[in-house]
Amino acid sequence: MERTITSRLALQRQSHLYRSRRIRQSSQDTTVTIAGKSYVSFCSNDYLGLANHPALIRALHLGAEQYGVGSGASHLVSGHCAVHHELEEALAAFTQRRKALLFSSGYMANLGVISALASPGNHIHEDRLNHASLIDAGLLSRARLHRYPHGDIQALERKLGKSPQHQQLIISDGVFSMDGDIAPVPELSMLAKSKDALLMIDDAHGLGVIGPEGRGTLGYYDLGESDVPVLMGTLGKAFGTFGAFVAGSVELIEYLIQFARTYIYTTALPPAIAQASLAALSLIQGESERRDRLQSLCRRFIHGARQLGLPLGNHLTGQGNDPITPIIPLILGDNRRTLTISDALNEKGLLITAIRPPTVPVGTARLRITLCANHTEAQVDHLLETLSTLL
Ligand SMILES: *Cc1c(COP(=O)(O)O)cnc(C)c1O
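Now for a look at the structure at hand. Source: prediction; values computed, not measured.

Section: the overall build of the protein
At step 1: Helix and strand counts for the protein stand at 15 helices and 13 strands.
At step 2: The C-alpha radius of gyration computed for the protein amounts to 21 Å, which stays within 12% of the reference 21 Å derived for 391 residues, consistent with globular compactness.
At step 3: For the C-alpha atoms alone, the extent of the protein along its principal axes is close to 55 × 55 × 55 Å.
At step 4: Expressed as a percentage of its 391 residues, the buried residues of the protein come to 53%.

Quick look at the structure:
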């Protein structure tokens, strides 16, 4: 065992895949401090800049004063507080679903939902670029897991046709976490309906960011509960807090309360976090300026990057009225080169991590640039100038 550990670590280094942590000393913001040095950060998922917003901090304080810090038990024992319940109702209304159920994290929500819904003998079809938690959930369920080529409806249709007698689950990211493109959900929904399959969308990166009132990918496409019966969202990204939820029919949520093991056997989220999430939801729904500003910064960056000939992913049109998501990868391919460029950017005070396999497919290592509504135009321009000298 020890030998395996040593040799796998060595191999990880040799392949330029070794991962290490930076220790941040400041709050989450567009400017952060690491080891006493200040950086402009282009790698958080805090797209709207809410993680450090005074209204959220105040709500967290108030929540802690009312409920204390820990929830003390799982939701089904004694941990389910009034503010959790209020947040669930608000999230259901926001996503235009009948009910919502809070989970402690997105990873746990995906494991819990998928392993509750699918069992051996069922088939799960996932987009090849789905988030790791969705893939792991498929494996945990012990159903047959199929992965269709990214966004390829025809390929999915062929695979669904082969096993019509079995119960089938189709799962896709709404906004893809490492590429920033939006899944063809209307087509997925039509296909699911025609094949009597159940569709689940993980909208971790769409909610709060795109669609009317920030209602995410399904808001953008105007798809309701009958089109997408299982919606998963997270609170640690645009919401700026922590946790996740699943939204859907009354029956779906009741089913998950009975059978989702990652819901049942874990401590309820701290209630003060739920209080802060309610504050975030109110800002997301009530103030569209952050989304507008984010769109404008993204268009500015993409326009500049295109002029400079930077290796943008080819799904980004940046034209017309299609929303642009704040995940903008520059795909470099080679692990080592991506690391070197990331280090050079750090050297110049710009924080962008090198994303390498297995997070992304082999040969597609990238700089995953994310923008935040709180970035300034000058910061975006400076990033473009610096990239143009390095790439
Ligand atoms: C981040 C993410 C998750 C996991 O959510 P956490 O709350 O961070 O555990 C799940 N799915 C997608 C698509 C994500 O990007």
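A few points about the site of the ligand
At step 1: Around the ligand lies a shell of 14 residues, among which Gly 106, Tyr 107, Asp 202, His 205 and Lys 237 are the nearest.
At step 2: Note that an oxygen atom of the ligand is positioned 2.9 Å from one of the backbone N or O atoms of Tyr 107.
At step 3: The separation between an oxygen atom of the ligand and a polar side-chain atom of Lys 237 is 2.7 Å.
At step 4: Protein contact buries 83% of the 380 Å² of open area that the ligand shows by itself.
At step 5: Contributions of two or more residues to the shell around the ligand are made by α5 (106-117) and β8 (230-234).
At step 6: With three residues, α5 is the largest single contributor of residues to the shell around the ligand.
At step 7: In terms of residue class, the shell around the ligand is made up of three nonpolar, eight polar and three charged.

What about helix α1 (residues 2-14)?
At step 1: Helix length check: α1 (13 residues) gives 19 Å between terminal C-alpha atoms against 18 Å at 1.5 Å per residue, within 8%.
At step 2: Taken across its 13 residues, α1 has zero buried, putting it largely on the surface.
At step 3: Following α1 by one or two positions, His 16 has its phi on the positive side, about 55°.

Comments concerning the sheet that holds strand β12 (residues 354-355)
At step 1: Here we have three strands laid out as an open sheet, ordered β10-β13-β12, and antiparallel in their pairing. Either end of the sheet is taken by a strand with one partner, and the two such strands are β10 (327-333) and β12.
At step 2: Across six bridges, β10 lies against strand β13 (residues 365-370) in antiparallel orientation. Across the sheet, the residue bridging to Pro 329 is Arg 368, located in β13.

Some thoughts on a nonpolar patch on the surface
At step 1: On the surface, Met 1, Ile 5, Leu 9 and Tyr 18 cluster together into a nonpolar patch covering about 430 Å² of accessible area.
At step 2: The exposure class of Ile 5 is partly exposed, given its relative accessible area of 47%.

Some remarks on the pairing of β8
At step 1: When you tally the buried positions in β8, you get five out of five residues, the bulk of the element.
At step 2: Side chains Val 230, Met 232 and Thr 234 of β8 all project onto a buried face; the interleaved residues Leu 231 and Gly 233 project onto the opposite face, where all are buried too.
At step 3: Bridge count for strand β7 (residues 198-202) against β8 is three bridges, and the pairing is parallel. Paired with Met 200 across the two strands is Val 230, which belongs to β8.
At step 4: Tracing the backbone out of β7, into helix α9 (residues 216-221) and back to the parallel element β8 gives a crossover that is right-handed.
At step 5: For β8 and strand β9 (residues 244-248), the ladder comprises four bridges, and the chain directions are antiparallel. Along β9, the bridge assignment pairs Leu 231 with Ala 247.

Let's talk about the sheet that holds strand β2 (residues 37-41)
At step 1: With respect to topology, three strands assemble into an open sheet ordered β1-β2-β11, the strand pairing being mixed. The outermost strands of the open sheet, each flanked by one partner alone, are β1 (31-34) and β11 (350-351).

Things to note about the packing of aromatic side chains
At step 1: Taken as a whole and assessed by the stated rule, the structure comprises four aromatic pairs.
At step 2: Summarising the aromatic geometry, the rings of Phe 103 and Tyr 263 are spaced 5.5 Å apart at their centres and angled 65° between planes, so their arrangement reads as edge-to-face. Here Tyr 263 lies in helix α11 (residues 261-264) and Phe 103 lies in strand β3 (residues 99-103), a separation of 160 residues in the sequence.
At step 3: The exposure class of Phe 103 is buried, given its relative accessible area of 2%.
At step 4: Of the residues examined, Tyr 263 reaches a relative accessible area of 4% and is grouped as buried.
At step 5: Ring centres of Tyr 255 and Phe 259 lie 4.9 Å apart, and the angle between their planes is 50°; on these two criteria the pair is classed as tilted. Of this pair, Tyr 255 and Phe 259 both sit in helix α10 (residues 250-259), four residues apart, which is roughly one turn of that helix.

Overview of the environment of Lys 195
At step 1: Among the structural elements, Lys 195 can be located in the loop between α8 (185-194) and β7.
At step 2: For the pair Lys 195 and Phe 245, spaced 50 residues apart in the sequence, the C-alpha separation amounts to 27 Å.
At step 3: Residues in contact with Lys 195, not counting those within four places in the same chain, are Glu 157, Leu 160 and Gly 161.

Quick look at the pattern of salt bridges
At step 1: Scanning all chains against the criterion turns up six salt bridges.
At step 2: The partner of Asp 179 in a salt bridge is Arg 366, with the nearest N and O atoms 3.1 Å apart. Within this pair, whereas Asp 179 is found in the loop between β6 (168-173) and α8, its partner Arg 366 is found in strand β13, the two being separated by 187 residues in sequence. Of the two residues examined, Asp 179 and Arg 366, each falls in the buried class.
At step 3: A salt bridge links Arg 293 to Glu 377, with the nearest nitrogen and oxygen atoms 3.3 Å apart. Taken together, the residues span a long stretch of sequence, with Arg 293 in helix α13 (residues 289-308) and Glu 377 in helix α15 (residues 377-390) at a distance of 84 residues.
At step 4: By relative accessible area, Arg 293 is classed as partly exposed at 29%.
At step 5: What makes Glu 377 partly exposed here is its relative accessible area of 29%.

About the thresholds
- Residues numbered from 1 in each chain as written.
- Predicted model: local features only at pLDDT ≥ 70, side-chain atom pairs only at ≥ 80, totals over all residues.
- Heavy atoms only, no water.
- Helix = DSSP H or I, 4+ residues; strand = E, 2+ residues; numbered from the N terminus.
- Rg over C-alpha atoms; globule rule 2.2 N^0.38 Å.
- Buried < 20%, exposed > 50% of the residue type's maximum accessible area, 1.4 Å probe, protein only.
- Near = heavy atom within 4 Å.
- Polar contact = N/O pair within 3.5 Å; in protein donor to acceptor, adjacent residues only side chain to side chain.
- Areas by Shrake-Rupley, 256 points an atom, 1.4 Å probe, with all protein chains shown as cover.
- Nonpolar A, V, L, I, M, F, W, Y, C, P; charged D, E, K, R; others polar.
- Expected span 1.5 Å × (residues − 1).
- Pairing = 2+ DSSP bridges.
- Patch = residues over 30% accessible without salt bridge, like charges linked within 9 Å, V, L, I, M, F, W, Y side chains within 5 Å.
- Salt bridge = Lys/Arg side-chain N within 4 Å of Asp/Glu carboxyl O.
- Right-handed = clockwise from strand over helix to strand, strands pointing away.
- Phe/Tyr/Trp six-rings, centres within 6.5 Å; stacked < 30°, edge-to-face > 60°.
- Contact = heavy atoms within 4.5 Å.

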